[in-house]
Amino acid sequence: MIRERADALDAETAVVCLSGGVDSATTAALAVKALGASSVTALIMPTDTTDERHTNDARSFAESLGVDYATVSLKPAVDVFKRYVAPRIAADGDAVAAGNLAARLRMACAHLVADASDGMVVGTSNRTERLLGYFTKYGDDAADLHPLGEYDKTAVRALATALDVPTEIISRPPTAGFWAGQTDESELGASYATLDRVLGALVGPDPDARPLPIDEATGVDSETVARLLDRVQQTAHKRQLPPEPSREVADSPTGTSGDTACPLVGGDRRASKTAARASDLIRSQVDAADGDGVIVDLGAGRESGIAAAIAVEALGASRVRGLHLPCHKAAGLTAPAPESIADDLGISMDRVTIRPLVTELEAALPTRTTERAGATELGEFVSRIRTACRYYVANADDRLVVGTTNRTDALLGRVTRYGDAAADVRPLGATYASELSAVGRELGCSVGSPSDRSGRRDRDRSGASTPVTAERYRGSREPNYSMKSWFVSSIRTLVSSEPATQSTQTGRLSGGVLFVTSRRNGTV
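Residues numbered from 1 in each chain as written. Predicted model: local features only at pLDDT ≥ 70, side-chain atom pairs only at ≥ 80, totals over all residues. Heavy atoms only, no water.

1. A closer look at the overall build of the chain
Regarding its fold elements, the chain presents 21 helices and 14 strands. The 524 residues of the chain split such that 53% are buried. Long-range pairs, those at least 24 residues apart, make up 76% of the contacts in the chain with a sequence separation of at least 6. Approximately 22,100 Å² of the chain is accessible, and the part contributed by carbon and sulfur atoms is 49%. (Helix = DSSP H or I, 4+ residues; strand = E, 2+ residues; numbered from the N terminus. Buried < 20%, exposed > 50% of the residue type's maximum accessible area, 1.4 Å probe, protein only. Contact = heavy atoms within 4.5 Å. Areas by Shrake-Rupley, 256 points an atom, 1.4 Å probe, with all protein chains shown as cover.)

Printed below as a string of structure tokens:
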């Protein structure tokens with residue numbers, strides 16, 4: 001699996017986050033077995049709550065494998081976040097929110113190292129953790145592959161033994177390291193042996209075996225079984241793509257009677273359906289999660305304004321909170337301005353620059369990584385750090401994160417995986433860029449109307465301001481709009497009603513021809 005994925009991505013290296021636990025050690029050993037030690041990079045990223053013994057064991061194991069490794073201390077960055085960023089956006093964040101923040105910062109660092117070395121990030125989560133949702137959404141689950149994803153904890157320990165992982169690592173009580181003394185089993189309320197028996201009976205039963213109640217089949221009391229099954233159901237959202245409204249509507253073509261399913265595309269006539277469905281989706285997701293409201297990133301311009309307006313329509317202004325997390329001076333050039341969006345909709349907004357946090361992380365990373373990374377890679381790094389900050393607020397305030405990605409950008413792959421694409425719900429996921437104005441007008445939202453684009457300057461993912469040209473394609477947020485509208489209308493006939501999810505391709509315009517280029521290997 002690791003070799004096949006590396007070939008598919010044309011990846012030259014595999015990046016593994018080593019924690020000193022059995023899952024990460026087993027994953028690193030598998031990566032070495034598949035690709036060779038020279039093609040594996042291990043990142044050890046402790047925080048102030050990490051047990052020093054775990055860090056030392058991780059280093060020793062990396063050395064025994066013969067892989068290149070780096071210790072990237074997240075403590076200075078987390079300290080900056082707690083002192084400077086958190087008080088301005090969520091002063092009451094607890095240890096769980098802080099632990100999840102650290103996991104997402106590790107994700108951002110791992111992907112920057114991989115992007116700068118033409119590599120891939122290898123995840124370390126096992127099946128037991130994934131089924132129970134015992135991982136950080138867009139954190140330790142954010143990887144290019146999960147080789148242990150179909151192995152429960154019991155199987156991982158057996159595999160670790162076969163791969164000569166040290167006994168002290170295999171026998172160590174697993175912990176997420178959110179606070180001193182924390183263990184997985186105390187958090188989950190049962191031993192991994194018990195968890196694996198219950199989940200094995202639930203998810204992977206023998207198809208030829210006689211069906212039995214799970215408590216009877218496993219010898220585990222019915223109360224524990226019910227609690228674990230409920231956890232599997234309640235954490236399903238962590239294993240799924242963010243929900244989007246459907247584009248299918250009932251329509252009556254001329255000369256026919258009755259309803260016929262057809263795609264929902266363009267025009268003021270359909271805008272009301274689009275807005276209503278998106279609003280219903282947000283309301284239903286917040287109700288299902290029993291959340292207090294939503295967070296919307298107001299730094300994405302027109303998409304932010306429309307997504308926030310849909311959220312206000314669904315929940316009311318008091319339950320919608322705006323967030324603006326600029327990193328560079330040029331980030332303020334976004335139109336409409338985040339402040340005007342918040343004022344127009346009557347919602348609260350918090351603004352804080354994350355540049356000090358980004359600076360600390362860049363300083364902690366290996367110099368070769370920051371030297372090799374280009375503007376696009378660093379811009380995506382910043383986008384993923386924003387994700388960590390948004391979800392810190394969401395965790396602290398018991399809110400959902402509303403995405404601002406539209407269908408056009410998703411189909412063209414013009415999003416950052418685990419960055420601006422990371423959300424709990426995507427109300428614009430069924431809406432093409434050319435349809436946004438009509439939806440904005442339907443909502444009575446002044447920020448939904450595009451401004452005069454003559455001489456417009458575009459903001460790329462890194463926040464840098466540069467003129468829009470046909471030759472700029474990597475990281476561009478808004479290509480030439482007349483050509484973009486033409487392309488949108490063309491691809492409607494080529495795609496199904498279900499949106500594409502994770503594209504790794506980007507495009508550029510040259511002489512009227514659209515070239516689609518792989519982000520991984522540059523092959524046209």
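2. Notes on a negative patch on the surface
A cluster of acidic residues, Glu4, Asp7, Asp10, Glu12 and Asp118, forms a negative patch on the protein surface. Note on placement: aspartate 10 falls in the loop between helix H1 (2-9) and strand E1 (13-17). On the basis of relative accessible area, aspartate 10 is assigned to the partly exposed category, the value being 41%. (Patch = residues over 30% accessible without salt bridge, like charges linked within 9 Å, V, L, I, M, F, W, Y side chains within 5 Å. Salt bridge = Lys/Arg side-chain N within 4 Å of Asp/Glu carboxyl O. Lys, Arg positive; Asp, Glu negative; His and termini not counted. Charge placed at Lys NZ, Arg CZ, Asp CG, Glu CD.)

3. Details of the pattern of salt bridges
As enumerated under the stated definition, the model contains 19 salt bridges in all. Close ionic contact of aspartate 48 with lysine 82 constitutes a salt bridge, the shortest N to O distance being 4.0 Å. With aspartate 48 in the loop between strand E2 (40-44) and helix H3 (52-65) and lysine 82 in helix H4 (residues 75-89), the pair connects residues that are 34 residues apart, well separated along the chain. Residue class for lysine 82 comes out partly exposed when judged on its relative accessible area of 40%.

4. Some remarks on the packing of aromatic side chains
With the rule as written, the count across this model stands at three aromatic pairs. An angle of 50° between the planes, with centres 6.5 Å apart, marks the rings of tyrosine 138 and tyrosine 418 as tilted. In this pair, tyrosine 138 is assigned in the loop between helix H6 (127-132) and helix H7 (153-162) and tyrosine 418 in the loop between helix H19 (407-411) and helix H20 (436-442), connecting sequence segments 280 residues apart. A residue is classified by how much of its surface remains accessible, and tyrosine 138, at 10% relative accessible area, is buried. Owing to a relative accessible area of 13%, tyrosine 418 belongs among the buried residues under this scheme. Joined through ring pairs, the aromatic side chains of Tyr138, Tyr391 and Tyr418 make up one cluster. Here the guanidinium or amino end of arginine 130 rests over the ring plane of phenylalanine 135, the centre of that ring lying 5.1 Å away. Across the ring face of phenylalanine 135, the terminal group of lysine 238 is positioned such that the distance to the ring centre comes to 4.8 Å. (Phe/Tyr/Trp six-rings, centres within 6.5 Å; stacked < 30°, edge-to-face > 60°. Lys NZ or Arg CZ within 6 Å of the ring centre and 35° of its normal.)

5. Quick notes on helix H2 (residues 22-35)
The α-helix advances 3.6 residues per turn, and as a result positions three or four apart in sequence lie on the same side. An ideal rise of 1.5 Å per residue puts 20 Å on 14 residues; H2 measures up with 20 Å between its terminal C-alpha atoms. Of all 14 residues in H2, twelve are buried; the element is thus mostly enclosed. Along H2, the residues classified as buried are Val22, Asp23, Ser24, Ala25, Thr26, Thr27, Ala28, Ala29, Leu30, Ala31, Val32 and Ala34. Looking one or two places after H2, you find glycine 36, whose phi comes out positive at around 95°. (Expected span 1.5 Å × (residues − 1).)

6. Quick word on the environment of histidine 54
Within the secondary structure, histidine 54 sits in helix H3. Take histidine 54: its relative accessible area is 13%, and that puts it in the buried class. On a C-alpha basis, the gap between histidine 54 and glycine 20 in space is 4.5 Å, while along the polypeptide they are 34 residues apart.

7. Quick word on the packing of helix H10 (residues 192-203) against helix H12 (residues 222-234)
Contact pair H10 / H12: the axes reach a minimum separation of 11 Å and the direction vectors enclose 65°. Between H10 and H12 the crossing geometry is right-handed. Of H12, the residues touching H10 (which contributes Leu195, Val198, Leu199 and Leu202) are Val225, Leu228, Leu229 and Val232. The residue makeup of the contact of H10 with H12, split by class, is eight nonpolar, no polar and no charged. (Axes fitted to C-alpha atoms, helices over the stretch in contact; angles between N-to-C directions. Left-handed = near helix turned anticlockwise from the far one by under 90°. Nonpolar A, V, L, I, M, F, W, Y, C, P; charged D, E, K, R; others polar.)

8. Examining the sheet that holds strand E9 (residues 348-351)
If you walk across this open sheet you meet the four strands as E9-E8-E7-E10, and the pairing is parallel. Only two strands of the sheet have a single neighbouring strand rather than two, namely E9 and strand E10 (399-402). Mean inter-strand twist for the sheet, computed between neighbouring axes without regard to direction, equals 25°. As paired elements, strand E7 (residues 293-297) and strand E8 (residues 320-324) share four bridges and run parallel to each other. Paired with isoleucine 295 across the bridge in E8 is arginine 321. Across the sheet, helix H15 (residues 338-345) is in contact with E8 and E9; its angle to E9 comes to roughly 165°. (Pairing = 2+ DSSP bridges.)

9. Digging into the sheet that holds E2
One open sheet accounts for four strands, arranged E3-E2-E1-E4; its pairing is parallel. Taken across any chain shown, the strands that pair with only one partner, and hence form the sheet edges, are strand E3 (68-71) and strand E4 (119-122). If you compare each strand with its neighbour and ignore which way they point, the axes differ by 25° on average. Relative to E2, E1 is paired through four bridges, and the arrangement is parallel. For alanine 14, the partnering residue across the bridge sits in E2 and is valine 40. Its contacts with the sheet put helix H5 (residues 95-116) on E1, E2 and E4, and the angle it makes with E4 is roughly 150°.

10. Focus: the confidence of the model for the chain
Mean pLDDT over the chain works out to 83, with 77% of the residues at or above the 70 mark. Low pLDDT, under 50, characterises residues 496-524; the predicted model gives this stretch 64 contacts beyond four residues in sequence or across chains. (pLDDT = per-residue confidence, 0-100.)

11. Let's talk about the side chain of histidine 324
Residue position: histidine 324 is located in strand E8. For histidine 324, the side chain forms a polar contact with the side chain of arginine 351, separated by 3.4 Å. Setting aside residues no more than four positions away along its own chain, histidine 324 makes contact with Gly299, Pro338, Glu339, Met349, Asp350, Arg351 and Val352. (Polar contact = N/O pair within 3.5 Å; in protein donor to acceptor, adjacent residues only side chain to side chain.)

12. Focus: H15
Within H15 the residues assigned to the buried category are Pro338, Ile341, Ala342 and Leu345. Down the axis of H15, the smallest arc covering the buried residues is 95°, so these residues share one side. In this fold, the buried residues of H15 make contact with helix H14 (302-315), E8 and E9. Glycine 346 sits one or two residues past H15 and shows a positive phi near 70°. (Arc of directions from axis to C-beta.)

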